[in-house]
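# A closer look at the structure
Residues per chain, in single letters:
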Amino acid sequence: MRRLLLPLVMLLLCSITFAKVDLVTLPTRDTVQLTIYNSADLTLARESRALTLKQGLNKLQFSWANTLIDPTSLEMLALSNADKIDIFDLTFPPRVRELGLWNIQSGVSGKVPVEISYFTSGLSWRAFYMGTLAPDEKTMRLQGYVRVSNNSGEDYENAQTRLIVGKVHILDEIAELARRQYPYGRPGEVGPYLPAAVSMEEKEMRGKGRRMMAMEAMDMAMPARPKEITKEGLSEYFLYTIEGTETILNGWSKRLPSFDTDKIPVVNLYKYELERFGESVVRFLSFKNDTEHELGQTPIPGGMLKVYRTVDAEKHLSYEGQSAFKYIPVDEDVELNLGAVTNVVLEAKLMDYSTDNYRFDYKLNVWGWDEIRTFKIEVKNTREVPVRVEIKRNFDTSYWTLKESGAYGAYEKVDMDTVKFTLELPARSKKQFQYILTTYHGKRQEEMPAN
Amino acid sequence: MTSKSNFKLMGWLLTASLVWTSSAQARIKLVALPERADTIIRLDNPQATLIEEERVLTLQQGMNQVDFSWKGVSIDVDSIRLKVLDHPEKVTLLNVSYPPNEAALVWQISSAQAWEETVRISYLLSNIDRLITYKAVADKKETQLDLKSFLILRNFSGEDFEQAKVLIDYGEAFDRGIQHEETKQLLFMKEPKVPITKVWTFDARKLPWDPEKMPERNIGIPVSYRIVNDQKSNLGKFALWSGKARIFQDDGHESTIFLGEDVTGMVPVGEKTELYIGDSRDIVITQRKMRETQINIRRNTKNQMVLYDMDEIITAKIENFKDSPAVLTVIEYIPGEWKMIDCNMDYEKEDANTLKFEITLPARTDDGPAAINLEMQYHRLNIRP
């Protein structure tokens, strides 16, 4: 049933040009390695095959109908006798699509292992996470997964699978390069691109009878324990190597566990910022990607986290919300936005408004003044767990001073027109405080006391 | 006009010397001419491709008319030249005429004797060109790379070249045939161990200042490799042509990963190029304006403000989450007339309004990321309301 998609086949003499040269017959690939990116639809495939070459000129045909291979990325390297094997050129013959012809000048005859590499589109992976909060919400179990999908048109069996975390800069979509009529286009032309090579009908055909095959492949590949993923840094990227090999047939996806950390200390953080979140308080779950939090070995790739909470002794769960987060470097703080809540309530009220310190110009028009506003902030934690609340206040001017009054006194200046108050609230408690904001206008800006 | 019916071709003119009006004047039609001898496809000018081909004309003593016609190809008529090779003193091109509504021209040639004369015909042919691509593999430490450059020959001219010398402006010629609608990829340069410098750049005008305000996406700091086209870099023999470069890295497991791709401009000898490969998410910069206050206000007799200065403070918190140190270039802009009051780091003025900082960031330690603060206070001077 397997479609022969990437075979290196013998060229059946279609042109007299090739008549005098023997074509190399190729066995199937020995090994294949896939390095899959998630910041772009791009996979680096590398396969090894053993060619049987004869001394002199050899022609080798490589075809890739119905796949999404970028022909401009094709490269062949001899793994032994590299100095005696000269890859003369790679020709994309006229009026044939999805076919390349290597002209190889060989100083040796016999078996030569070669490595063929290329980019393909259609394989992808993404990370996603499940978090389970302890009943007291002080710790969370965090399980990371990766899901690898193959829509490349090619079945990859027993492939060493590697995933790249990081953002690569690419100029052209691999899928577009794969669909071009001519690999490098025509002189003076951008495009045109042909429609996708695979029709719907063909896709349906392919789906049938493949389930068994995929299952069998899975059984064979299944070790007694979940596979481990090795993580290492390279340049600006992280490389995840999945233990052993994977068989991912075209159209299939596979979920693999990436890590499982039992007790990450977390902070229940609630934020209020009128300009950003409106009047609701928004819940965040905060922790740090470091060793104190049982993490910190590698960065955490961005993805969606679904958060559950254990609600009883039978370990029943309640769903708390979900949050997409971005890539988290080692030692970076994480704040996961779980959405607006109603069980922590904040009210910010203007309690008093006055003006003062008027200045008049030579015509006796108003030239400067102060505006003094007293705000009262009241925060209620109706939950049975302690919470931290961060309140940001933005002013529409950088000419301001702030005085506190009432229960709470400290604030942090975030930038020239923003301050932040931080409160810790025990379970089922209430706090309130006031502050007096003076803003300076016109001539009074020059007289403003140092802030 | 005789021409070949063959779909592509240049109906090359051909010999067939026709007897024409007078016996003193012979007319040659170059149609399926004697085999083309040496053909050169010269690609040193990226705008146009020059073809030179040698042919043998059978000339009669006296006046000869040689027709040169083509079909299915696009030749710049004004570019066609004829050079006599065997008897340049005795064979003279008198004039060139263009028949109406034909892709052709007629050479009138005077010959001192009847003989076989080799001529070189050159012309600019459209829709045949070359691209340059680069493929590089960096070492694991990112200090050097193995650089390869490929010539991509694209022939959509309508003409098949069975055998030709393909020339670019340096290096050896390739002896290759190339068919119409064929594309060929040829390796023409291979230079191992080209030193590179890895650079990270934060440009305050291009990147957002406060990553916290964009919780849904990472603000990557662009990372580039700098390559100098000189002898120290094992290069410097010729200008590197503009082209797409794909950069890989040795992963230490006898394989590579793809780092990214970029297009380099033309790099003359002695110059450098920077190839943008991707974004670092392990260097985080949070830049904020902490003060923006009018000072030194000057007024007219009516007490109206006519001139003021602006007192501004910018702080940038730079965190390195990487295991290794990095040299970060920070580009800041201050518009108009200005004076630096206080700055905790050295900078270079790129121009009147652009400041360039080169900041060495230590590696992350067990205690956390390496954090450095850049602080500058400056006055923007003499601003009118």
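Attention here is on the structure that accompanies the text. (Residues numbered from 1 in each chain as written. Chains lettered and ligands numbered in written order. Predicted model: local features only at pLDDT ≥ 70, side-chain atom pairs only at ≥ 80, totals over all residues. Heavy atoms only, no water.)

### What to know about the overall build of chain A
Broken down by element type, chain A carries five helices and 27 strands. Each of the 451 residues in chain A was classed as buried or not, and the buried ones make up 53%. Sequence-distant contacts, at least 24 apart, represent 71% of the contacts inside chain A between residues at least 6 apart. Entry remark: accessible area of chain A is about 21000 Å², with carbon and sulfur atoms responsible for 51%. (Helix = DSSP H or I, 4+ residues; strand = E, 2+ residues; numbered from the N terminus. Buried < 20%, exposed > 50% of the residue type's maximum accessible area, 1.4 Å probe, protein only. Contact = heavy atoms within 4.5 Å. Areas by Shrake-Rupley, 256 points an atom, 1.4 Å probe, with all protein chains shown as cover.)

### Some details on unusual backbone geometry
We note that Asn357(A) has phi near 55°; this positive angle belongs to a residue other than glycine. Position of Asn357(A) among the secondary structure elements: in strand E21 (residues 344-360). By relative accessible area, Asn357(A) is classed as partly exposed at 29%. Backbone geometry at Asn382(B) places phi at a positive 50°, although glycine is not the residue there. Take Asn382(B): it is sitting in strand E26 (residues 370-383).

### Here's the deal with the nonpolar core
In terms of nonpolar packing, the biggest core is built from 97 residues, with Ile41(B), Ile80(B), Trp107(B), Leu145(B), Ile318(B), Leu328(B) and Phe357(B) touching the most fellow members. Sequence-distant contacts of Leu145(B), defined by excluding residues within four places in its chain, comprise Ala136(B), Val137(B), Ala138(B), Glu191(B), Pro192(B), Lys193(B), Val194(B), Ile196(B), Tyr225(B) and Ile227(B). Counting residues in each nonpolar core, the second largest holds 60 residues, with Val108(A), Val114(A), Ile229(A) and Phe259(A) among its members. (Core = buried A, V, L, I, M, F, W, Y, C linked by side-chain atoms within 4.5 Å.)

### Points about the interface of chain A and chain B
Across the contact, 66 residues belong to chain A and 76 residues belong to chain B. The contact between chain A and chain B buries some 6100 Å² in all, and 47% of this surface belongs to carbon and sulfur atoms. By the criterion of area lost to chain B, the three top residues of chain A are His169(A), Tyr184(A) and Glu236(A), representing 12% of everything that side buries. For the pair chain A and chain B, the number of links is 13 salt bridges. Residue Asp331(A) is joined to Arg364(B) by a salt bridge in which the shortest nitrogen-to-oxygen separation is 3.7 Å. The tally of links from chain A across to chain B stands at 41 residue pairs in polar contact (both at pLDDT 80 or more). Looking at which element gives the most residues to the side of chain A that touches chain B, the answer is strand E4 (residues 69-78) of chain A, with six residues. Considering only residue class, the side of chain A that touches chain B consists of 32 nonpolar, 14 polar and 20 charged. (Buried area = accessible area lost by both parts, 1.4 Å probe. Salt bridge = Lys/Arg side-chain N within 4 Å of Asp/Glu carboxyl O. Polar contact = N/O pair within 3.5 Å; in protein donor to acceptor, adjacent residues only side chain to side chain. Nonpolar A, V, L, I, M, F, W, Y, C, P; charged D, E, K, R; others polar.)

### Some details on the side chain of Glu54(B)
The residue Glu54(B) is located in strand E4 (residues 49-59) in this model. For Glu54(B), the side chain forms a polar contact with the side chain of Arg120(B), separated by 3.1 Å.

### Some remarks on the environment of Arg428(A)
Residue and element names in this part refer to chain A. With respect to the element layout, Arg-428 can be found in the loop between strand E26 (418-425) and strand E27 (429-442). Exposure remark for Arg-428: the relative accessible area of 57% places this residue in the exposed category. Linking Arg-428 and Met-140, residues 288 residues apart in sequence, is a C-alpha distance of 22 Å. Sequence-distant contacts of Arg-428, that is, excluding residues within four places in its chain, are made with Asn-381, Thr-382, Arg-383 and Glu-384.

### Comments concerning the pattern of salt bridges
In this structure the tally under the stated criterion is 55 salt bridges over all chains. Between Glu75(A) and Lys135(B) there is a salt bridge, with the nearest N and O atoms lying 2.1 Å from each other. Remark: Lys135(B) occurs in strand E10 (residues 128-138) and Glu75(A) occurs in strand E4; the pair is interchain, linking two chains. For the pair formed by Glu75(A) and Lys135(B), the shared burial category is buried. For Asp175(B), the salt bridge identified is with Lys165(B), shortest N-O distance 3.9 Å. With Asp175(B) in strand E13 (residues 174-178) and Lys165(B) in strand E12 (residues 161-167), this residue pair connects regions lying 10 residues apart in the sequence. Here Lys165(B) falls in the partly exposed class, since its relative accessible area comes to 38%.

### Points about the packing of aromatic side chains
Within the structure shown, the criterion is met by 24 aromatic pairs over all chains. Pairing Phe119(A) with Phe248(B) gives two aromatic rings, centres 5.8 Å apart and planes at 20°, and the pair type is stacked. With Phe119(A) in strand E7 (residues 110-120) and Phe248(B) in strand E17 (residues 243-250), the pair connects residues from two separate chains. Of the aromatic side chains, those joined through ring pairs into one cluster are Phe375(A), Tyr411(A), Phe421(A), Phe433(A) and Tyr435(A). Positioned over the ring face of Tyr145(A) is Arg255(A), at 4.9 Å from the centre of the ring. Over the face of the ring belonging to Phe248(B) we find Lys135(B), whose NZ or CZ atom lies 4.6 Å from the ring centre. (Phe/Tyr/Trp six-rings, centres within 6.5 Å; stacked < 30°, edge-to-face > 60°. Lys NZ or Arg CZ within 6 Å of the ring centre and 35° of its normal.)

All we've got here are geometric facts, nothing functional implied.
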